[in-house]
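# A closer look at the structure
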Amino acid sequence: MKMNEYEAVIEAALFVAGDVVSLSALADMIEMDKATTKAIVNTLITRYANENRGMRIIEIDDGYQMCTSPACFETIKKIYTGRERQGLTPALLETLAIIAYKQPVTKGQIEEIRGVNSDHAVNRLVEKGLVCEVGRMDTPGKPILFDTTVEFLRYFGFKDTNDLPKLKEPEMDGQMSILDI
């Protein structure tokens, strides 16, 4: 295969998938090593950006996804009749932020930070696919541990959790902050 054929196959795979496709899967598909495959995908990413195309390829959690260009979103939204994504309430955002920065975390730890019962908020975030159960803590009662998901990364436009904004330590005259808990 020629280079433009590899690019075409990767484009088609990302388009058809409609979701994140791992670098490993793409490399296996075109029978190339990961480094070469990553270079091909990065070429496509650059080309799409430079040519001001209606589509973009974004990197999410060691994989790639094709999506609509942000510049085209408002226009496309006018004809798209799909289910609209409901926003997140302040309580859901607060709970999601705690999970994102403290993961893996239990409901009890979330409630200790928030100071209120968080069952509903955590359950709603699980329903929305932004967080998921990742295991149980090895303590009495074996509480469930929660982490963010790939959908969380996609929702906020992060490549991985290292892209989370860095938190500033508040000046609190000896009081504890959310990071101390």
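In case you missed it, the structure is sitting above this.
Note that the coordinates shown come from a computational prediction; the quantities given were computed from them, not determined experimentally. (Residues numbered from 1 in each chain as written. Predicted model: local features only at pLDDT ≥ 70, side-chain atom pairs only at ≥ 80, totals over all residues. Heavy atoms only, no water.)

Attention now goes to helix H2 (residues 23-30). Of the positions making up H2, those classed as buried are Leu23, Leu26, Ala27 and Ile30. Along the axis of H2, the buried positions cluster into a sector of 100 degrees, meaning they face one direction only. In this structure, the buried side of H2 is in contact with helix H1 (3-17), strand S1 (21-22), helix H3 (34-50) and strand S3 (63-68). Just downstream of H2, Glu31 is the residue with a positive phi angle, here 55 degrees. (Buried < 20%, exposed > 50% of the residue type's maximum accessible area, 1.4 Å probe, protein only. Helix = DSSP H or I, 4+ residues; strand = E, 2+ residues; numbered from the N terminus. Arc of directions from axis to C-beta. Contact = heavy atoms within 4.5 Å.)

Moving on: the packing of aromatic side chains. Applying the stated rule across the entire model yields 4 aromatic pairs. Between the aromatic rings of Phe152 and Phe158, the centroid separation amounts to 6.0 Å while the plane-to-plane angle is 50 degrees, which identifies the pairing as tilted. Each member of the pair, Phe152 together with Phe158, is buried. With centroids separated by 6.2 Å and ring planes inclined at 20 degrees, the aromatic side chains of Phe156 and Phe158 adopt a geometry described as stacked. Through pairs of rings, three or more aromatic residues link up here, namely Phe152, Tyr155, Phe156 and Phe158. A cation sits over an aromatic face here: Arg53 above Tyr48, 5.2 Å from the ring centre. (Phe/Tyr/Trp six-rings, centres within 6.5 Å; stacked < 30°, edge-to-face > 60°. Lys NZ or Arg CZ within 6 Å of the ring centre and 35° of its normal.)

Turning next to the nonpolar core. Membership of the largest hydrophobic core comes to 20 residues, with the highest contact counts inside it found for Leu88, Leu96, Ile99, Ile110, Leu125, Leu130 and Phe152. Residue assignment for this core shows that the elements contributing at least two residues are helix H5 (90-102), helix H6 (107-114), helix H7 (119-127) and helix H8 (150-156). Broken down by element, the residue count for this core peaks at 5 residues, all from H5. For Phe152, the residues in contact, after removing those within four places along its chain, are Leu96, Ala100, Gly129, Leu130, Phe158 and Leu164. Ala13, Leu14, Leu44 and Met66 belong to the second largest nonpolar core, which has 15 residues in total. (Core = buried A, V, L, I, M, F, W, Y, C linked by side-chain atoms within 4.5 Å.)

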